Amino acid sequence: MDLKRLYPSTRVCIVAVVLIALCYFIQPMVSTSILQFAHLLTFALNFGMQFWVTFIAGLTMFRNMPREMFGSIQGKLFPKYFFIGTVCSIITMATFMSAHPIGSHDTQTKVQFYCLLAAIVCTLGNVIITPIMHDYMVERNEIEKKKGHENHVGHLDSKLFSGDTRYKTIHKRFMQLHGLSSLFNLLTFCANLVHLYIISAGLQL
């Protein structure tokens, strides 16, 4: 079976099942210090990547690159971003659960558990949404290119296409999916921020 031919969400689900199974079977053979290292490493990689892509790289490219080129790069970047985010989130959750089995959760641990779970769910949601959103973006960029706006940088007023019903439909659907994707991404970042705050309270510098 060629995984490259499967939908991204299917590939992520396969990787998720493999990771969970591996964590379950190797956990008794791994020392606590290694589990803690794996937890902090995957969490730090994920959180740092989220901050960079969301607040620095994405905005910088949008404001300085032609729309078509920006869309092309995002189409290559986002699947990798959400895939790596999902893998890191699953390992973070698995290592957390190894230290806090179900049934031993106090209030603070429950907050951490639900935050990590929300991060996984929201990232998986973006894995599913991204290919659909990318297709609409490509269609929209093609129309903009035909109208001579392929080199436009930044926001493009949709009123320029007020007489093009196809563009309006595609643009509306893209913006709906983009809004949902941005919400998922922001919720993931906030959930990880809460987890970071809680674990930082137990650190000794």
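For clarity, every value in this text was computed on a predicted model and none was experimentally measured.

Ile129, Met133, Tyr136, Met137, Ile143, Leu156, Phe161, Tyr167, Ile170, Phe174 and Leu177 form the largest nonpolar core, which has 11 residues in total. Only helix 4 (107-146) and helix 5 (165-200) provide two or more residues apiece to this core. The element best represented in this core is helix 4, accounting for 5 residues. Other than its neighbours up to four places away in sequence, Phe174 contacts Met133, Tyr136, Met137 and Arg140. Residues Ile90, Met93, Met97 and Phe113 belong to the second largest nonpolar core, which totals 7 residues.

Further remarks concern the confidence of the model for the protein chain. Here the protein chain averages 83 in pLDDT, while 85% of its residues score no lower than 70. Across the protein chain, the element-wise mean pLDDT spans from 64 in helix 1 (residues 8-26) up to 93 in helix 5. Predicted confidence is poor over residues 1-6, with pLDDT under 50, and the contacts of this stretch with residues over four places away or in other chains come to 6 contacts.

To continue, consider the layout of surface pockets. Put simply, the largest pocket is a space of about 820 Å³. Lining the largest pocket we find 33 residues, and of these Phe70, Gln74, Phe78, His178 and Ser182 sit closest to its centre. Within the residue set of the lining of the largest pocket, elements represented by two or more residues are helix 2 (32-64), helix 3 (67-99), helix 4 and helix 5. Counting residues per element, the lining of the largest pocket draws most heavily on helix 5, at 9 residues.

Our focus in this paragraph is the pattern of salt bridges. Think of it this way: side chains of opposite charge can pair up when their charged atoms draw near. Enumeration according to the criterion identifies 4 salt bridges in this entry. A salt bridge links Arg67 to Glu144; the shortest N-O distance between them is 2.9 Å. Of this pair, Arg67 sits in helix 3 while Glu144 sits in helix 4, and the two are 77 residues apart along the sequence. Residue Arg67 is classed as buried on the basis of its relative accessible area of 9%. Residue classification places Glu144 among the buried residues on the basis of a relative accessible area of 2%. Residues Lys145 and Glu68 are paired through a salt bridge, measuring 3.9 Å at the closest nitrogen-oxygen approach. Residue Lys145 is located in helix 4, and its partner Glu68 is located in helix 3; the two are separated by 77 residues in the primary sequence. By relative accessible area, which is 27% here, Glu68 ends up partly exposed.

Moving on, we come to empty space enclosed by the protein. For the structure shown, the criterion picks out 2 cavities of 30 Å³ or more. Considered as a void within the structure, the largest cavity measures approximately 60 Å³ in volume. Lining the largest cavity are Asn46, Met49, Gln50, Tyr81, Phe82, Gly85, Thr123, Asn126, Phe184, Asn185 and Thr188. Those elements that provide at least two residues to the lining of the largest cavity are helix 2, helix 3, helix 4 and helix 5. Tallied by class, residues from the lining of the largest cavity come to 4 nonpolar, 7 polar and no charged. Here the second largest cavity defines a volume of roughly 40 Å³. Taken together, Thr42, Phe43, Asn46, Cys88, Ser89, Thr92, Leu116, Ala119 and Asn192 form the lining of the second largest cavity.

Reading the values: the criteria
- Residues numbered from 1 in each chain as written.
- Predicted model: local features only at pLDDT ≥ 70, side-chain atom pairs only at ≥ 80, totals over all residues.
- Heavy atoms only, no water.
- Core = buried A, V, L, I, M, F, W, Y, C linked by side-chain atoms within 4.5 Å.
- Buried < 20%, exposed > 50% of the residue type's maximum accessible area, 1.4 Å probe, protein only.
- Helix = DSSP H or I, 4+ residues; strand = E, 2+ residues; numbered from the N terminus.
- Contact = heavy atoms within 4.5 Å.
- pLDDT = per-residue confidence, 0-100.
- 1 Å grid on protein atoms, 1.4 Å probe; cavity = no way out; pocket = protein on both sides within 12 Å on 5 of 7 lines; lining within 4 Å.
- Points joined across faces, edges and corners; volume = space filled by probe spheres on them.
- Salt bridge = Lys/Arg side-chain N within 4 Å of Asp/Glu carboxyl O.
- Nonpolar A, V, L, I, M, F, W, Y, C, P; charged D, E, K, R; others polar.

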